[in-house]
Amino acid sequence: MGAVDATREPAGATAPARTATEPVLSVRDLVVEYRTDAGVVRAVRGVSFDLYPNESLALVGESGCGKTTLALALLRLLPKLGSVPSGTVRYRGRDGRVVDLLSLDAEQLRRFRWREAAIVFQGAMNSLNPVLRIRDQIRDTVRAHDRGMSRREIDRRGREVLRQVRLDPDRVLPAYPHELSGGMKQRVLIAMSLLLDPQILVLDEPTTALDILTQRAIVDLLHELRAQLGFATIFVSHDLPLAAELADRVATMYAGRIIEIGDVRDIFYHPRHPYTTGLLKAVPPVVGDLPEITSIPGAPPNLLDLPPGCPFHPRCPYAQADCTAAEPALEPLAPAAPGHRAACHHTDQVTFERRPAAGRPVAAEVNADG
Amino acid sequence: MSQIVDTGVPLETPVPARPGAGPLRAFFRALLRSKAGFAGFLVVTAMVLVSLIGPLFTPDRLPTNLDAIYQPPSLAHPLGTDSEGRDIAIQMINGGRSVILVGLLAAAISTFVAVVFGSLAAYLGGWVDSLIVSVTDIVLTIPQIVLLAVLASLYKLDSPVLLAVLIGAFSWPFLLRSVRAQVFSLKEREYVEAARLLDLGTVRVVAREILPNMASFIVMNFVVTMTNAIYALVGLYFLGLAPLADDNWGVMLNVAYTRGAIFFKDSIFYILAPVIAISLLQLALVTMTRSLEEILNPRLREN
Amino acid sequence: MAEPTPAAPRPLLALENVTRVFRTRAGLVRAVDDVTLRLDAGQVLCLVGESGSGKTTTARIAAGLTTPTTGSVRFDGTDIRRLRGGEFTAFRRAVQYVHQDPYASLNPIRDIFATIAAPLRRHRLVRGRAEAWQRACELLAAVDLTPPEQFLKKFPHQLSGGQRQRVSVARALTLGPRLIIADEAASMLDVSIRVSLLNLLMRLRDELGVAFLFITHDLAIAKYFGWQGTTAVMHRGRIVESGPTPQVINEPRHEYTRALLEAVPEPDPDLARRKREKRLA
């Protein structure tokens, strides 16, 4: 398996130093389909990326872009109507061996899940079984994936992870979910995902439906946990500012594909895909003077009836004739910086002006090379 | 570049179905989509037609023919004869009318009371709600069969209207509670609140915003009530609480049973025919209504 | 930044010492605790708070959907509880509401025309179907749903979330309101569409002079929408800070407001990192 980004420039102080250069997860040309009444829908249309150890990757996009489907597909948690007709998802275990997750059978999958990779689903409020105490849910979860642990070990481990998420085990273990606040439930879910010490943690909208102050606490907690425990994260969100907070790398998705991927500073300061710039311009910041924000005209396309060529072109201010001809591939912007890739025929024309923040004017940055 | 309206491309839907355009066609289209539903519809229609129109062609009263007691099915008597030599097939044709009509009437009375009072109770709340719920609870505790038995011993329950009213009087409490619960939940919906904010008026809000959203619920409940009413009616006859004057399916069941029709191979149809007819009717009603739900709820249509 | 001039002598809508107490199993809960707000004609007031802060209850009290336990709501100077008949109808027409959930705010079994025409007909603003159609087209055009004819015959499930919210706004405009209460109206929309809805509301404010009571938990949205108006921050039923928006957001005085502002994620990685390092220091 060739690592696509074998040597990468360290992306500044935001990323933890990477000692290993082999990715822990390698996705190539992944396609996910759903069977619906209206036909077969390709929710994910060929996605490729690498995830490195202890790295945090954000999948950002709006409703219908395929980010949640992609996250679920990585752990093979798609609903019955979903299937993966092509692509590979290669996982490198702690022993260095590489397996294709899509080829695992049920038993191997059961062992893989939670021990190697775990997921925190969207909607913390509803993910916990309302009639079981937290202690029992922890036990059930562990037993489902590791039949070898004794009860005492499970309980001990449960207490350990609860403490790691800054919860009091004595208060939380005997409680029912409805006795806990939204923030506490989210912490419990994060704790449960860490029970078997996975290498990869997938989080689907980890802070939606939480209050701002609780969100902040969870974000800080995730940072802390990642520093302490060293797992890699993939998190799915429609919230761009959250990606700025949590991610080392960001991939923006549109109509089932990654249309831009790069280091978080590249994406936020030098975006090169019109959709990414559109998203950034649509997010009002809090600090500074009155911002100018604009919306992206139009709406996300119907996956059953995609526009020809680039799916974004009907809404794109830079669209030209060749945009309807062929769908652009995700390609590096410059040979010297293979880490930043965008799927656009005209990245050289895309401009993004950083809004003045805290009164400091910033010169408009047109495309610089590399 | 083309002019993009800042609203987005409306989600295109393949079916342009609208309620105004040919409700009858929409009705049949929905029915055809579900084979079971269509089958149910055919069966119900057939049975209703036979029961309502059939008796016009058959003799009202069949003569007793002691020579032909309990004849097995034959060409002359497709279902055989009963204990008095009368043709069972003809009795079956005659026998459906009362049962269906009483069932319909009882269900109509019951549904009307339940919907009107249930929705008002839920929408208005307060003392209105408390009053209606109390009355409902009291009626719920009355055992239907016992009261009917007492009434039957005191009065002659021969009028179908009277039977319908009595049966309907016991069916509405359960239905009212369901309707009330539904209205409670719908009342909190944002679009109902928006209607109130636009000052559209209580009656209008209940009648046009809330109840139509419960249309399939009400229809299903109507049918269930009708099936229950039919069972109750048949039960009354079977237990002998209603006079055996009429020649309907319920009476047939009673007579067949008490005269030992189940013990003879040749006479088994006397009891089987009404049983099968009643069960078939109930089954067809329920399957038909489930596919009707599609029309009444546009959201299900497009998928 | 200029102070909003004390405009009309009488505020359009005023909440005076409004308190709302709920009886729950855990005891008495003060969802709204001694809240005083005023909204002048054509002005914007943003009410910011987390869930449970009482902002939605306050909005409902302002709309007359819930009655306060104590305190009063004054519309054009008169307590709304004292309004009878025609006067109350006038209040209802003047104060409208746009809900948060685009999927629940429209009756699923009615097409858009029926939804828009119902209040027009009920309040006799149009005579006959042709006039209703005409007016409905005008309203949809005002919210940028063009061509209107195409949208009027559709059902809610055939429209996107953003389009549904626009229909909600159009419906709110049918009676010619002077105040629109927008309860998290953009929260459930995609980011790129949120802005267009907000821009629409701002345009309506400019063109029609409609005042807005804008409820949100998102400080950045409150800042954008309420820049020329005032912002009030709610916490546990009380207003902890209020004032001209630029002042409240850029120079918060109350510690809760400061905590909220600190907690908001910024779409700026370097800034986020600096803030985090400052927090942990």
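Residues numbered from 1 in each chain as written. Chains lettered and ligands numbered in written order. Predicted model: local features only at pLDDT ≥ 70, side-chain atom pairs only at ≥ 80, totals over all residues. Heavy atoms only, no water.

**Describing the overall build of chain C**
For chain C, the helix and strand inventory stands at 11 helices and 10 strands. Its C-alpha atoms give chain C a radius of gyration of 20 Å, within 12% of the compact-globule value 19 Å for 281 residues. Counting only C-alpha atoms, chain C reaches 70 × 45 × 45 Å along its principal axes. Out of the 281 residues in chain C, the part that is buried amounts to 60%. A sequence separation of at least 24 residues applies to 65% of the contacts in chain C between residues at least 6 apart. Taken as two groups, the 41 positive and 29 negative side-chain charges of chain C have centres that lie 7 Å from each other. (Helix = DSSP H or I, 4+ residues; strand = E, 2+ residues; numbered from the N terminus. Rg over C-alpha atoms; globule rule 2.2 N^0.38 Å. Buried < 20%, exposed > 50% of the residue type's maximum accessible area, 1.4 Å probe, protein only. Contact = heavy atoms within 4.5 Å. Lys, Arg positive; Asp, Glu negative; His and termini not counted. Charge placed at Lys NZ, Arg CZ, Asp CG, Glu CD.)

**Observations concerning the environment of Y155(B)**
Residue and element names in this part refer to chain B. As for its position among the elements, Y155 is in the loop between α5 (144-154) and α6 (160-187). When its relative accessible area of 54% is taken as the criterion, Y155 is described as exposed. The spacing of Y155 and A242 is 87 residues in sequence and 9.6 Å in space, taken between C-alpha atoms.

**A few points about the nonpolar core**
If you look at the biggest cluster of nonpolar residues, it comprises 162 residues, and the most contacted ones within it are L25(A), F49(A) and F268(A). With eight residues, the single largest contributor to this core is helix α7 (residues 191-208) of chain C. For F268(A), the residues in contact, after removing those within four places along its chain, are L240(A), A243(A), A244(A), V250(A), L280(A), F352(A), P267(C), D268(C) and P269(C). Residues V44(B), I100(B), M226(B) and I271(B) belong to the second largest nonpolar core, which totals 45 residues. (Core = buried A, V, L, I, M, F, W, Y, C linked by side-chain atoms within 4.5 Å.)

**Structural notes on the environment of R163(A)**
By the secondary structure assignment, R163(A) is in helix α5 (residues 151-164). Separated by 28 residues in the primary sequence, R163(A) and A191(A) place their C-alpha atoms 8.6 Å from one another.

**Section: the sheet that holds strand β5 (residues 98-100) of chain A**
Residue and element names in this part refer to chain A. Pairing in this open sheet of four strands is antiparallel, and the strands run β2-β1-β4-β5 from one edge to the other. The strands lining the two open edges of the sheet, one partner per strand, are β2 (39-51) and β5. Recorded for the sheet is a direction-independent mean angle of 10° between the axes of neighbouring strands. Looking at chain direction, strand β1 (residues 25-36) and β2 are connected through 10 bridges and run antiparallel. Bridged to Y34 within β2 is V41. (Pairing = 2+ DSSP bridges. Axes fitted to C-alpha atoms, helices over the stretch in contact; angles between N-to-C directions.)

**Let's talk about the confidence of the model for chain C**
The predicted model of chain C averages 89 in pLDDT, with 97% of residues at 70 or higher. Quick note on the complex model: pTM equals 0.78, ipTM equals 0.81. (pLDDT = per-residue confidence, 0-100.)

**Details of helix α3 (residues 88-124) of chain B**
Working note: α-helix, 3.6 residues per turn, so residues spaced by three or four point in the same direction. Look at α3(B): 53 Å from first C-alpha to last across 37 residues, which is about the 54 Å you get at 1.5 Å a residue. Of the residues flanking the end of α3(B), it is G125(B), one or two places downstream, whose phi is positive at about 65°. (Expected span 1.5 Å × (residues − 1).)

**Observations concerning the side chain of T115(C)**
Structurally, T115(C) can be placed in helix α3 (residues 112-122). Beyond its immediate chain neighbours, meaning those up to four positions away, T115(C) contacts L106(C), R110(C) and R171(C).

**Quick notes on the interface of chain C and chain A**
Accessible area lost upon the coming together of the parts serves often as the stated size of an interface. Counting from both sides, the interface comprises 37 residues of chain C and, opposite them, 38 residues of chain A. Between chain C and chain A, roughly 3500 Å² of surface is buried when both sides are summed, and carbon and sulfur atoms account for 60% of that area. Counting the surface chain C buries against chain A, the share from its top three residues, S192(C), P267(C) and P269(C), is 17%. If you look at where chain C meets chain A, you find two salt bridges. The interface formed by chain C and chain A holds 14 residue pairs in polar contact (both at pLDDT 80 or more) in total. Mapped by element, the contributors of at least two residues to the side of chain C that touches chain A are α7, α8 (219-225), α9 (245-250), α10 (255-263) and α11 (269-280) of chain C. The dominant element in the side of chain C that touches chain A, judged by the number of residues it contributes, is α11(C), at eight residues. Here the side of chain C that touches chain A is built from residues that sort into 20 nonpolar, six polar and 11 charged. (Buried area = accessible area lost by both parts, 1.4 Å probe. Salt bridge = Lys/Arg side-chain N within 4 Å of Asp/Glu carboxyl O. Polar contact = N/O pair within 3.5 Å; in protein donor to acceptor, adjacent residues only side chain to side chain. Nonpolar A, V, L, I, M, F, W, Y, C, P; charged D, E, K, R; others polar.)

**Here's the deal with the pattern of salt bridges**
Pairing of side chains with opposite charge becomes possible as their charged atoms draw close. This model, assessed by the stated rule, comprises 38 salt bridges over all chains. Between E207(C) and R203(C) there is a salt bridge, and its shortest N-O distance comes to 3.4 Å. Highlighted residues: E207(C) and R203(C), both in helix α7, separated by four residues, approximately one helical turn. Looking at E207(C), the relative accessible area reads 56%, which means it is exposed. Overall, R203(C) belongs to the partly exposed group, its relative accessible area being 27%. Counted as one network, the salt bridges with shared partners bring together R216(A), D220(A), E245(A) and R279(C).

**Some words on the pairing of strand β6 (residues 95-98) of chain C**
All names here are of chain C. Residue alternation in β6 divides its side chains into two sets, V95 and Y97 and Q96 and V98, and both sets are buried. Taken together, the four bridges between β6 and strand β7 (residues 179-183) define a ladder with parallel strand orientation. Bridge pairing in β7 links V98 to A182.

**Regarding a nonpolar patch on the surface**
Residues and elements named next belong to chain B. Side chains of L49, L52, I53, L56, F57, L101 and L104 sit close together on the surface and give an oily, nonpolar patch of about 710 Å² of accessible area. Taken together, the elements giving at least two residues each to the nonpolar patch come down to α2 (35-53) and α3. At three residues, α2 tops the list of elements feeding residues into the nonpolar patch. Tracing the backbone shows I53 in helix α2. (Patch = residues over 30% accessible without salt bridge, like charges linked within 9 Å, V, L, I, M, F, W, Y side chains within 5 Å. Areas by Shrake-Rupley, 256 points an atom, 1.4 Å probe, with all protein chains shown as cover.)

**What about the packing of α3(B) against helix α4 (residues 126-141) of chain B?**
Residues and elements named next belong to chain B. The contact between α3 and α4 brings their axes to 7 Å, and the two run at 140°. Here α4 runs oblique to α3, going by the angle between their axes. Like other packed secondary-structure pairs, α3 and α4 cross with a definite hand, here left-handed. The residues of α4 that touch α3, namely those facing F117, L120, A121, A122 and L124, are G126, V128, D129 and I132. Among the residues making up the contact of α3 with α4, the classes are represented as seven nonpolar, one polar and one charged. (Parallel < 35°, antiparallel > 145°, perpendicular 65-115°, else oblique. Left-handed = near helix turned anticlockwise from the far one by under 90°.)

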